[in-house]
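Inside the fold
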There are 2 protein chains.
Amino acid sequence: MDDLQIIRKKENDIYRLEEILALLGWDQETGMPEQALEDRSDQMAWVQQKLSEQLMDPEWETLIEKIEGEGEQIAWKKNLARRFLLNKALPPDFLSEFVRITSLSREAWLDARKKEDFSIFLPHLQKVVHMARERAEYLGFEEEPYNALLDLYEPGVTASELEGLFIPLEKDLVPLIDEVIERQDSKEPDFGILAREKQKLLHLNLLNQMGYDTRKGRLDFSVHPFTTTLGACDVRITTHLDSNDFFNGLFSTIHEAGHGLYEQNLPSQWKRTVNGQACSLGIHESQSRFWENIIGRSRPFWEYMTKAVLSVFPGEFSSETPESLYRKSNYVKKGFIRIDADEFTYNLHVMLRFDLERKIINGDADVKELPDLWNSKFKELFGVIPHKPSMGVLQDIHWSLGDWGYFPTYTLGNLYAAQIWDTLKRALPDWENHIETGNFKTILSWLVEHIHSKGATHSPGSLITSVSGKALDYRYFINYLKEKAETLYVI
Amino acid sequence: MDDLQIIRKKENDIYRLEEILALLGWDQETGMPEQALEDRSDQMAWVQQKLSEQLMDPEWETLIEKIEGEGEQIAWKKNLARRFLLNKALPPDFLSEFVRITSLSREAWLDARKKEDFSIFLPHLQKVVHMARERAEYLGFEEEPYNALLDLYEPGVTASELEGLFIPLEKDLVPLIDEVIERQDSKEPDFGILAREKQKLLHLNLLNQMGYDTRKGRLDFSVHPFTTTLGACDVRITTHLDSNDFFNGLFSTIHEAGHGLYEQNLPSQWKRTVNGQACSLGIHESQSRFWENIIGRSRPFWEYMTKAVLSVFPGEFSSETPESLYRKSNYVKKGFIRIDADEFTYNLHVMLRFDLERKIINGDADVKELPDLWNSKFKELFGVIPHKPSMGVLQDIHWSLGDWGYFPTYTLGNLYAAQIWDTLKRALPDWENHIETGNFKTILSWLVEHIHSKGATHSPGSLITSVSGKALDYRYFINYLKEKAETLYVI
C-alpha cells in the first residue's frame, strides 16, 4: 500500500466506527428498551474509545504531509489536518476533563430547568465556559477568542463577519415581523385530531416524491427528530408526530428529509473520507431549511400538497384550499422558544444567543449576568420578557454540553438557503410549475449537482460563492421574506 | 488487577462485542434499508474480526489455569476452556477455509433449491462434509467422529446416547400419529383474515402475562422469527405474522418468548461471562418448546387464551370455545417440512436428519446418496416420498452452513421440556388453575429458579438430573403426548 492508500484505509476504519456508533445511537433514540441504557452507554463508550485511538494516532501528521496535488486533493489534505491535527492542539487531560465537566453540567441543566432555578446550573456553567475559553486559547484565533469556537462548527467564519450579516438583518426583521403579525389572521391553525399512522403515510409519500430513497433510509419516531448516517446507503431520519399538531410533524419530517437528501447524495468516490462528508453545519442546515421553509412553506408547494392532504384526511381538511394552507403554514408568532419559532422570528432567537455567547467567551460579560442579559435582549427583540427560566436562558441544551459557537450555524443555514434559492430559480425558470406538480426531483437534481455531490471539497464560503457567484449576503434572505410577506398580506 | 479480574475484564470485552454484533444483526433482520447490506456486512466483519482476536488470544491458556475452587468456579474454568481453547484445536487456515467454503455452499444451496436440482449443491456439500469430518478429527472424539460435532452443540451428548432415546421414541411415535390423524377432524384450522396489528396487540398482552419484560426487550417482525441478546437488559424477540395464519404467528411468538424469558433471567452475577450464558442449545430449545407446546397447546391455556382472543377478534372467533381451539391448535399432519411440523410429527423429521448425518460424518454413506437416503427414510417414517428436493433433502439451510450435529438439539429440547414439565407439575400441584387464570408467572418463577438462574454452571446432563432427579428419559415425552392424544380423542 502506498501512503495515500494507507490514509484511505485509516479513514475507512474511522468512518466504519462512526457508522457503528450511529446505529447504537439511532437504536437508543428510536426504540431501545428503557432498561438497556446502562449496557448501551458501555457499548457506545467502547466504540468511542476505539474511535479516539484512531483519531489520536500520531502517524496522521506524517501521513497527511504526503498528500500532493491540487483541487480535491488539497481539500482532502486540509480536511484531514482539520479533523486529525485539531485534536493535537488539545491536551488529553483537557479533553477528558471536558467530557467530565459537560456530563455533570448537562445533569445540572436538566435539574435547573425542572426547578426553574438558574443558580443550580450557574457553578457548572461557569466551569464549562472556563473550559470553552481554554479551548479557544489552545486552538488559537485571530481578533477574538470566540472566533476559535465558531471555526469549529463553521470553518472560516468570524464573529465580525456574522455581525455584518446579523445587525442589518435584525434591523429589517423586527419591523417586518410586526407588520405580518398585525395583518395575519390572529387565530393559530388547528385541524383537530389527526391519526398519527395516517400522517406517517402522508409523510412517506412526500419523502418519496422529494427523492428521499427509502431503499437507502427509513423514517421512524423519536422524541427529538434527527438524521443519522449508518452507511453511504443507510441514511435514516426520524420525526415526531402529534395527533393535534399537523404542521409541526410535517415540517419536522421535511426538515430532516432535507438533511437526509444531502447525506444520501454525498460524493460516493469519497465514501468514508473527510471529503465525503457534508461541507459544514451551516450548509447542512441550509438544506434542511431549504426544503422545510423555502419549498414546504411556499404557495406552489401547497398547490401540490393540499391534494395529498385531502386524499388522506378528506373530512378534517374539507374546508381548506392551497391558499388557506399556505397562509396557515406561515403563521407568525413572537414566542419564547427557539425550536418552536417560525421562519420570520427564528433568526432573532439565534442573534440573541450569538450576542450573549460572544460577550461571555470574549470576557465582556460574566456567566452570572446571563439571565439578565438574556431577558433584556429578548425584550429588545420581542418586546416581552420570558416569565420563567425554562422559557428563557435555560431553554437550550447546547451551552451545558459545551457547544459554544454552534448557534450561528442555524441562521447561516437560513441565509445560505435563500441565496441558493435565488440562484436555483434562475437556473430553473419554471420552478413554480415543478413544485405545483410535485416534480421535486428536478430541484433535488440541481442541489445534488451544485451542493451535495461536492461533499466537503469546498469551504462553506467558497461553496456558496461557486454556487451563486457571490459571497454570502443577508439581503437574499430578507428579500425572500419580504416577498413572501407581500404575497401573504399585500404588505 | 488479579488474574481472575483480568479474566472477567477479557470476558466483558468479548461479550460487549457480541452485543454490538447482535444489534447489527437484529437491525439487519428487522428493518435495515435494503441497499445497506454491503456496508452492514463490512461493519459486522470488522466486529467479528475484533472478536476473533480476543477469542484467539494466546493468554487464555495460562489465565484459565489460574482458576481454582469448586462448584461454579470449576464450571467457569471448564466453560472458558471450552469456549477459548476449542479454537486452538482448529488451525487458522482451516477456520478461514471453512468460512469460505460454507459461504459459497450457502449460495449454491439457495440456487439448487430454487432450481430443484440437488446436483448444483452436491460438489459444495461434498467439500463442506469433508471439512466437517476434518473438524471432527481436529477436535478429537471417542467411539465415532460424529460425537465430536454433537458435542459442539450439546456438550457431552453422544450419538449412541441419542440412538438410545430416538429409536424407542420413533417406535412409539409412528403408530400414535396414525391414530391421532385417523380420529381428528380432517379439516385444517382456518379463521379467515385477521389484521396483523390486532394480532400483535394480542401477542404483546400475552408476552406481558407470561412475564416477558418489555422494559428489557421488544417484539418486532422478521422473515424468520428469532431471539437475540443485545445486553443483559436488552433481549429482543421477533415474530412473523400472516393475516391468514393465526396459529403460526401466535406459536412463533410464544416460542421466541420462551427463548427470551431464558435470556432475560440468566444469572446477573455472571453477566458477560461464559457462566452467564444459556446451558446449551438443547436446554434453550426446551424453554421455547415448553412455552410453545406444553403450555401454549394445553387445554387450560385455551381456557385463558380464548377470552383474550375473543376480546380482540369477537367476530372471527365467535363460534370458538376453549375446547375447539385446544383441538385446532393441536392439528396433526404428515407434512414434508420440518419447521411447519406439529408437536407429534416434529421429532420424526429430526430423527431422519440424525440418521443421515451420522452415516455421512462417520463415513458410512456418501454425500451423493443423500437424496435417496432421505427419500427412503422419509417413506419409512411418513409413508410418502417428497415430490421435489425443496420439500426433501434441500429444505434446510443447516448443512450448507456446516452445522452438522445441530439438528438433534431440537428433539433434545422436546425431551428435556417434557421431563421438566413432569417435575414442575409435582412442585406446583394446582398448575391447571394457574394456567387457566393466566397466572403464568408462578410457572416462570419455577423455571427461573431451577433452570434460567443456573446459566451455564451445569452441563445439560447434570442440569436435567438436578432438576428432575433422573437422567434424560424419552418416556416423559411420549407419555405426555399419549396423555394429550387421550384428552383430545379418547384414544
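Residues numbered from 1 in each chain as written. Chains lettered and ligands numbered in written order. Predicted model: local features only at pLDDT ≥ 70, side-chain atom pairs only at ≥ 80, totals over all residues. Heavy atoms only, no water.

1. Quick look at the overall build of chain A
Across its full length, chain A holds 20 helices and 3 strands. Taking 2.2 N^0.38 as the reference for a compact globule, 491 residues should give roughly 23 Å; the C-alpha atoms of chain A span a radius of gyration of 23 Å, in line with that estimate. With the principal axes as the frame, chain A shows a C-alpha extent of 65 × 50 × 50 Å. Buried residues in chain A amount to 54% of all 491 residues. In chain A, the proportion of contacts linking residues at least 24 apart, taken out of those at least 6 apart, comes to 74%. If you sum the accessible surface of chain A, you get close to 20600 Å²; carbon and sulfur atoms cover 50% of it. Of the charged side chains in chain A, 56 are positive and 77 negative, and the gap between their average positions amounts to 2 Å. (Helix = DSSP H or I, 4+ residues; strand = E, 2+ residues; numbered from the N terminus. Rg over C-alpha atoms; globule rule 2.2 N^0.38 Å. Buried < 20%, exposed > 50% of the residue type's maximum accessible area, 1.4 Å probe, protein only. Contact = heavy atoms within 4.5 Å. Areas by Shrake-Rupley, 256 points an atom, 1.4 Å probe, with all protein chains shown as cover. Lys, Arg positive; Asp, Glu negative; His and termini not counted. Charge placed at Lys NZ, Arg CZ, Asp CG, Glu CD.)

2. With respect to the pattern of salt bridges
Summed over the entire model, instances satisfying the criterion amount to 83 salt bridges over all chains. Residue arginine 218 of chain B is joined to aspartate 220 of chain B by a salt bridge in which the shortest nitrogen-to-oxygen separation is 2.7 Å. Arginine 218 of chain B sits in the partly exposed class, given a relative accessible area of 22%. Each of the salt bridges in this network shares a partner with another, and the network as a whole consists of Lys9, Asp13, Arg16, Glu19 and Arg272 of chain A together with Asp42 of chain B. (Salt bridge = Lys/Arg side-chain N within 4 Å of Asp/Glu carboxyl O.)

3. Structural notes on the nonpolar core
Among the nonpolar cores identified, the biggest contains 122 residues, and Phe246, Phe290, Trp291, Trp302, Met305, Leu370 and Trp404 of chain B are the most heavily contacted of them. Beyond its immediate sequence surroundings of up to four residues, methionine 305 of chain B is in contact with Leu202, Leu206 and Leu250 of chain B. Counting 121 residues, the second-largest nonpolar core is a separate cluster that includes Leu176, Leu206, Trp302 and Leu415 of chain A. (Core = buried A, V, L, I, M, F, W, Y, C linked by side-chain atoms within 4.5 Å.)

4. As for the packing of aromatic side chains
Residue and element names in this part refer to chain A. Under the counting rule described, the total for this entry stands at 65 aromatic pairs over all chains. Here phenylalanine 313 and phenylalanine 317 contribute two aromatic rings whose centre-to-centre distance is 6.1 Å and whose plane-to-plane angle is 35 degrees, an arrangement assigned as tilted. Classification of phenylalanine 313 by relative accessible area gives buried; the value is 0%. Residue classification places phenylalanine 317 among the buried residues on the basis of a relative accessible area of 0%. For the pair phenylalanine 336 and phenylalanine 378, a centre-to-centre distance of 5.5 Å together with 25 degrees between the ring planes defines the contact as stacked. Linking phenylalanine 336 in the loop between helix H13 (322-328) and helix H14 (346-361) with phenylalanine 378 in helix H15 (residues 370-382), this pair joins segments that are 42 residues apart in sequence. (Phe/Tyr/Trp six-rings, centres within 6.5 Å; stacked < 30°, edge-to-face > 60°.)

5. Quick look at the interface of chain A and chain B
Facing the 34 residues of chain A at the interface are 34 residues of chain B. Across the chain A/chain B interface, buried area totals approximately 2900 Å², and carbon plus sulfur atoms make up 52% of it. Connecting chain A to chain B are 10 salt bridges. The salt bridge partner of arginine 272 of chain A is aspartate 42 of chain B, with a shortest N-O separation of 2.6 Å. Here chain A and chain B share 20 residue pairs in polar contact (both at pLDDT 80 or more) between them. Those elements giving two or more residues to the side of chain A that touches chain B turn out to be helix H1 (3-30), helix H2 (37-55), strand S2 (227-231) and strand S3 (234-239) of chain A. At 9 residues, the largest contribution of residues to the side of chain A that touches chain B is made by H1 of chain A. Split by residue class, the side of chain A that touches chain B holds 13 nonpolar, 7 polar and 14 charged. (Buried area = accessible area lost by both parts, 1.4 Å probe. Polar contact = N/O pair within 3.5 Å; in protein donor to acceptor, adjacent residues only side chain to side chain. Nonpolar A, V, L, I, M, F, W, Y, C, P; charged D, E, K, R; others polar.)

6. What to know about the sheet that holds S3 of chain A
All names here are of chain A. Taken in spatial order, the 3 strands of this open sheet run S1-S3-S2, and their pairing is mixed. Two strands in the sheet have a free side with no partner beyond their single neighbour: strand S1 (219-221) and S2. Pairwise comparison of adjacent strand axes, ignoring direction, gives a mean angle of 30 degrees for this sheet. With 3 bridges connecting them, S1 and S3 associate as parallel partners. The partner of phenylalanine 221 across the bridge, within S3, is threonine 239. On top of the sheet, helix H10 (residues 246-264) reaches S1, S2 and S3; it is set at about 165 degrees to S3, its chief contact. (Pairing = 2+ DSSP bridges. Axes fitted to C-alpha atoms, helices over the stretch in contact; angles between N-to-C directions.)

7. Looking at the relation of the copies chain A and chain B
By a simple turn and slide, chain A fits onto chain B: the slide is 0.0 Å along the axis, the RMSD is 0.0 Å, and the turn is 180 degrees. Given the turn and translation reported, the copies of this chain are related as if by a two-fold rotation axis. Comparing interface residues between copies, 100% of those in chain A also sit at the interface in chain B, which points to an isologous, same-surface contact. (Least-squares fit on C-alpha atoms with pLDDT ≥ 70 in both.)

8. As for unusual backbone geometry
The backbone of glutamate 143 of chain A shows a phi angle near 65 degrees, a positive value even though the residue is not glycine. Assignment of secondary structure puts glutamate 143 of chain A in the loop between helix H6 (118-139) and helix H7 (146-153). Taking relative accessible area as the criterion, glutamate 143 of chain A reaches 64% and is therefore assigned exposed. In the Ramachandran plot, arginine 272 of chain B falls in the positive-phi region, its phi being about 55 degrees despite a non-glycine side chain.

9. A closer look at helix H18 (residues 440-450) of chain B
Buried within H18 of chain B we find Phe440, Ile443, Leu444, Trp446 and Leu447 of chain B. Buried residues of H18 of chain B fall within an arc of 160 degrees about the axis and therefore sit on the same side. (Arc of directions from axis to C-beta.)

10. Some words on the environment of lysine 359 of chain B
Residues and elements named next belong to chain B. Examined against the element boundaries, lysine 359 turns out to sit in helix H14 (residues 346-362). What makes lysine 359 partly exposed here is its relative accessible area of 30%. Sequence spacing of lysine 359 and leucine 370 is 11 residues, and the spatial spacing of their C-alpha atoms is 9.9 Å. A polar atom in the side chain of lysine 359 sits 3.1 Å from the side chain of aspartate 355.

11. Notes on the confidence of the model for chain A
Counting all residues, the mean pLDDT for chain A is 96, and 100% of those residues have values of 70 or more. Reported confidences for the modelled complex are a pTM of 0.94 and an ipTM of 0.92. (pLDDT = per-residue confidence, 0-100.)

12. As for the sheet that holds strand S2 (residues 227-231) of chain B
Residue and element names in this part refer to chain B. On the basis of which strands lie adjacent, the open sheet formed by 3 strands has the order S1-S3-S2 and mixed pairing. In the strand order of this sheet, the two ends are held by strand S1 (219-221) and S2, each with one partner. Each strand of the sheet is rotated relative to its neighbour by a mean of 30 degrees, with strand direction disregarded. Pairing of S2 with strand S3 (residues 234-239), which is carried by 4 bridges, proceeds in the antiparallel orientation. Bridge pairing in S3 places glycine 231 opposite aspartate 234.

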